[in-house]
Amino acid sequence: MSVATKASSTSMPTTFPTRTVAILGGSYGGSRAAQVLAEGMPQGWRIVLVDRNSLEEYSFFVSDVYNFSRYAVLAGHEHKAFIPYINIPSSSLSDIPSCSSHVRVQATITSIDNHRIILSQNLPELQQSSLDFDYAIYALGSHLPSPIGLWNHQNEGGVKPIFEPPEIPTYGGTKSEGISSLRERQKRVEAATSVLVVGGGALGIQFASDIAAVYPQKRVTLLHSRHPLQGLQELNVRVILGERLDFESLQHTSAMKGSSEPRVVRTLSGREISADLLLLCTGQTPNTGLLRDMDPRTVAPDTGLACVLRTMQLYVPPPFEPHKFQGDDDDDDDDDDDAVLRCLKNLPLDTEEATGQSESSPSSISIAYADLPSTSSSPRTLYSLSALSSTDTLLDPCQETLYPNIFVVGDAADAFDAIKAGHTAYYQAEVAARNILRLIHRDEKVGIVAEDDLDSELEEYAPGPPAIKVSLGMTKSVYEMNGVVGTKNDGVEDLNAAVIWAACGMPDVSEEDMFA
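- The name recorded for the protein chain in an unreviewed UniProt entry is FAD/NAD(P)-binding domain-containing protein, from Suillus placidus.

### With respect to the overall build of the protein chain
Working step 1: In terms of regular secondary structure, the protein chain is built from 10 helices and 25 strands.
Working step 2: For the protein chain, the proportion of its 516 residues judged to be buried stands at 57%.
Working step 3: Sequence-distant contacts in the protein chain: of pairs separated by 6 or more residues, those separated by 24 or more amount to 71%.
Working step 4: Surface summary for the protein chain: the accessible area is close to 21,500 Å², and the carbon and sulfur share equals 49%.

### Looking at the pairing of strand β12 (residues 219-224)
Working step 1: In terms of burial, β12 is a largely internal element, five of the six residues being buried.
Working step 2: Across five bridges, strand β11 (residues 194-198) lies against β12 in parallel orientation. Across the sheet, Val195 pairs through a bridge with Val220, a residue of β12.
Working step 3: One crossover worth recording links β11 to the parallel β12 by way of helix α5 (residues 202-214), and it is right-handed.
Working step 4: Pairing analysis gives four bridges linking β12 to strand β13 (residues 238-241), with the strands arranged parallel. Residue pairing for β13: Thr221 is matched across the bridge by Arg238.

### Here's the deal with the sheet that holds strand β24 (residues 476-481)
Working step 1: As summarised here, the arrangement of the three strands in space is β23-β24-β25, forming an open sheet in which the pairing is antiparallel. Each edge of the open sheet carries a strand with a single partner, namely β23 (468-472) and β25 (484-488). If you compare each strand with its neighbour and ignore which way they point, the axes differ by 15 degrees on average.
Working step 2: The pairing of β24 with β25 spans five bridges and is antiparallel.

### Thoughts on the nonpolar core
Working step 1: Core analysis: the biggest nonpolar cluster contains 62 residues, and Leu37, Ile112, Ile117, Leu119, Leu291, Met312 and Val408 have the highest contact counts within it.
Working step 2: Top contributing element to this core by residue count: helix α8 (residues 422-444), with eight residues.
Working step 3: Discounting residues that sit within four places of it in the chain, Leu291 has contacts with Ile112, Tyr138, Pro296, Thr298, Val299, Ala306, Leu314 and Val408.
Working step 4: Counting 44 residues, the second largest nonpolar core, distinct from the first, contains Ala81, Leu203, Leu472 and Met514.

### What about the confidence of the model for the protein chain?
Caution applies to low-pLDDT regions: their predicted coordinates should not be interpreted in detail.
Working step 1: Looking at the protein chain as a whole, the pLDDT averages 76, with 68% of positions reaching at least 70.
Working step 2: The secondary structure element of the protein chain with the lowest average pLDDT is helix α1 (residues 3-7), at 43, and the one with the highest is strand β9 (residues 135-138), at 98.
Working step 3: Counting interchain partners and residues more than four positions distant, the pLDDT-below-50 stretch residues 153-165 has 28 contacts.
Working step 4: Confidence drops under pLDDT 50 across residues 447-451; counting only partners more than four residues distant or on other chains, this segment forms nine contacts.

### A look at the side chain of Thr288
Working step 1: Relative to the elements of secondary structure, Thr288 occurs in the loop between β17 (285-286) and α6 (289-294).
Working step 2: A residue is classified by how much of its surface remains accessible, and Thr288, at 0% relative accessible area, is buried.
Working step 3: Ignoring anything within four residues of it in the chain, the contact list for Thr288 reads Tyr138, Val299, Gly304, Leu305, Ala306 and Ala412.

### Some details on unusual backbone geometry
Both trends apply: most residues other than glycine have a negative phi, and most peptide bonds are in trans.
Working step 1: Of note, the phi angle at Met312 is positive, near 75 degrees, even though the residue is not glycine.
Working step 2: Its location among the elements puts Met312 in the loop between β18 (306-307) and β19 (313-314).
Working step 3: A relative accessible area of 0% places Met312 in the buried class.

### Quick word on helix α2 (residues 28-40)
Working step 1: For α2, with 13 residues, the first-to-last C-alpha span of 19 Å sits near the 18 Å given by 1.5 Å per residue.
Working step 2: Of all the 13 residues making up α2, 10 are buried; the element is thus mostly covered by neighbouring parts of the structure.
Working step 3: Regarding α2, the residues found buried are Tyr28, Gly29, Gly30, Ser31, Arg32, Ala33, Ala34, Val36, Leu37 and Gly40.

### Points about the environment of Ala433
Working step 1: Tracing the sequence through the fold places Ala433 in helix α8.
Working step 2: Exposure remark for Ala433: the relative accessible area of 0% places this residue in the buried category.
Working step 3: In sequence terms Ala433 and Phe407 are 26 residues apart; their C-alpha atoms lie 8.8 Å from each other.
Working step 4: If sequence neighbours within four positions are ignored, Ala433 has contacts with Ala33, Val36, Leu37 and Ile137.

### Details of the environment of Asn67
Working step 1: Summarising the element assignment, Asn67 is placed in helix α3 (residues 65-71).
Working step 2: The exposure class of Asn67 is buried, given its relative accessible area of 2%.
Working step 3: For the pair Asn67 and Ala81, spaced 14 residues apart in the sequence, the C-alpha separation amounts to 7.4 Å.

### Things to note about the sheet that holds strand β8 (residues 128-132)
Working step 1: Pairing within the open sheet is antiparallel, and its three strands lie in the order β6-β7-β8. The open sheet has two edge strands with one neighbour each: β6 (108-113) and β8. On average, each strand axis in the sheet is tilted by 25 degrees relative to the strand beside it, whichever way the strands run.
Working step 2: By the bridge criterion, five bridges tie strand β7 (residues 116-120) to β8 in an arrangement that is antiparallel. In the sheet register, Ser120 faces β8, and the bridge partner there is Gln128.

### Here's the deal with the packing of aromatic side chains
Working step 1: In total, this model carries four aromatic pairs according to the counting rule given.
Working step 2: Relative to Phe82, the ring of Phe68 has its centre 6.2 Å away and its plane inclined at 80 degrees; by these criteria the two rings are edge-to-face. Residue Phe68 is found in helix α3, and its partner Phe82 is found in strand β4 (residues 82-83); the two are separated by 14 residues along the sequence.
Working step 3: You can call Phe68 buried: its relative accessible area is 1%.
Working step 4: On the accessibility criterion, Phe82 (1% relative accessible area) is buried.
Working step 5: Ring-pair connections join several aromatic residues into one group, and the members of that group are Phe68, Tyr71 and Phe82.
Working step 6: Against the face of Tyr479 rests Lys488, its NZ or CZ located 5.4 Å from the ring centre.

Reading guide: rules and limits
- Every chain is numbered independently, its residues counted from 1 as its sequence is written.
- Confidence filtering applies because this is a predicted model: local features only for residues at pLDDT of at least 70, side-chain atom pairs given and counted only at 80 or more, and all residues used for totals across whole chains, interfaces and linings.
- To obtain the side-chain values, all non-hydrogen atoms of the structure were included, while hydrogens and water were left out.
- Comment: elements are numbered from the N terminus, with helices defined as DSSP H or I runs of at least four residues and strands as E runs of at least two.
- Buried, partly exposed and exposed residues are distinguished by accessible area as a fraction of the type maximum, computed with a 1.4 Å probe on protein chains only: under 20%, between the cut-offs, and over 50%, respectively.
- Here a residue-residue contact requires only that any non-hydrogen atoms of the pair lie within 4.5 Å.
- Accessible surface is estimated by sampling points in the Shrake-Rupley manner with a 1.4 Å probe; for residues, cover comes only from the protein chains shown.
- When DSSP finds two or more bridges between two strands, those strands count as paired.
- Throughout, right-handed denotes a crossover for which the path from the first strand over the helix to the second runs clockwise when the strands point away from the viewer.
- The axes are straight lines fitted to the C-alpha atoms, using for helices just the contacting stretch, and the angles between their N-to-C directions are given from 0 to 180°.
- By nonpolar core we mean a set of buried residues, namely Ala, Val, Leu, Ile, Met, Phe, Trp, Tyr and Cys, connected to one another through side-chain atoms within 4.5 Å.
- You can read pLDDT as the predictor saying how much it trusts each residue, on a scale of 0 to 100.
- In a helix, the anticipated span is given by 1.5 Å times the number of residues less one.
- Paired rings are identified among Phe, Tyr and Trp, the last through its six-membered ring, by centres lying within 6.5 Å, and are further divided according to the angle between planes into stacked (under 30 degrees), edge-to-face (over 60) and tilted (the rest).
- By the criterion adopted, a ring carries a charge over it if an Arg CZ or a Lys NZ lies within 6 Å of its centre and within 35 degrees of its normal.

Printed below as a string of structure tokens:
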């Protein structure tokens, strides 16, 4: 019997005649979970999908860096980044208690506990509401740094360059605000004579190569702490390897704010680099603060990721001294960067390398892009719960999870070294949703999906092989898929946005449709 099976008999709240599965976040993972659950939920159950993005306009936000780095540089395609929900009707926050069918609501989640979330509208001064749930899927992902992060995470970690251009317009979750924000970013790039991109993961590479391709007259520099990084020579990107940015230098630049003179920053070795515009592509920060507030034991202190079982249920690991595996290093680089390096290792290199640099700086967890999968289900293979997680936690087969009704998927989950990408969240959400249907079936003793054996063990997730695609300018890209590394030269300016729209339920979408 699986760990989750033992703990699934936890009592459920009965304040609503309709029982609730709450989905927190509506991007790749949350939207896929809603689809799977809606196809198999019995009568008397509803889905409440909570997302910060707007209901009246566009709610599904394509937060993939593969598209957003392009749309923040190249004008004319920014409207394609916002894709509508079409499968779940919207509701106001005040109407949730009376809704008996599946609904989605625009709100900000301010807290969570075992069976309740507290919600408010996006303006913090408005009144809060509570939502009781029987099961929840936590799919709040991660937030990205300044270049493309639409939602405001100012002063994250206390670092904010004093030579940043004027503030980007406030984003409150609507399509019009998102378009305005991306257009302002385009203007910042266009106005700069020189650009420094910090971080050589997928995001940094794509930003640097896109800027160099669109504006070949600009001086574009990419600063990366590791050494094997190739493929930017033909775009005339200056690459500095083996160096880390001294974040303190961002607060002590010699030029005054508003000056037309280039600003100067330093690396930890003392090397000075001048640029008009700085783009920090130093990694994602998991949005797990709500889980940490509920129970700090559920979030790994070193990564900020939520601990999960292979059933994708939230988990409190037993306390013990962490073990550092062979192959780990002090740079906190993850498998996503390794996948990028595998793609680029055989390409031509034009770099300036530093020596003797080993100081630590904020971790660089780069998101990787892979094409959105088809709607077919992933393999339902069972794996041992005694495997090691990416936080080096040994799972005791007899250990019961304290949170059998809360599942975590996507970038917020410490999911066994799975690469951080939309397709990963998609498949994890399928596992979580099918397991919730199994648990509902056990509680209700009713058939959910005729062809599924829902009395079987809960399904356990195991990552597939790395799948990544990194653009190098407007048309060229490198990829790794099923262990095969190669290059393509068939790219288009909007990165085939219509394909993603189709995967989200809008096939045959026209250019005009994507403006709506």
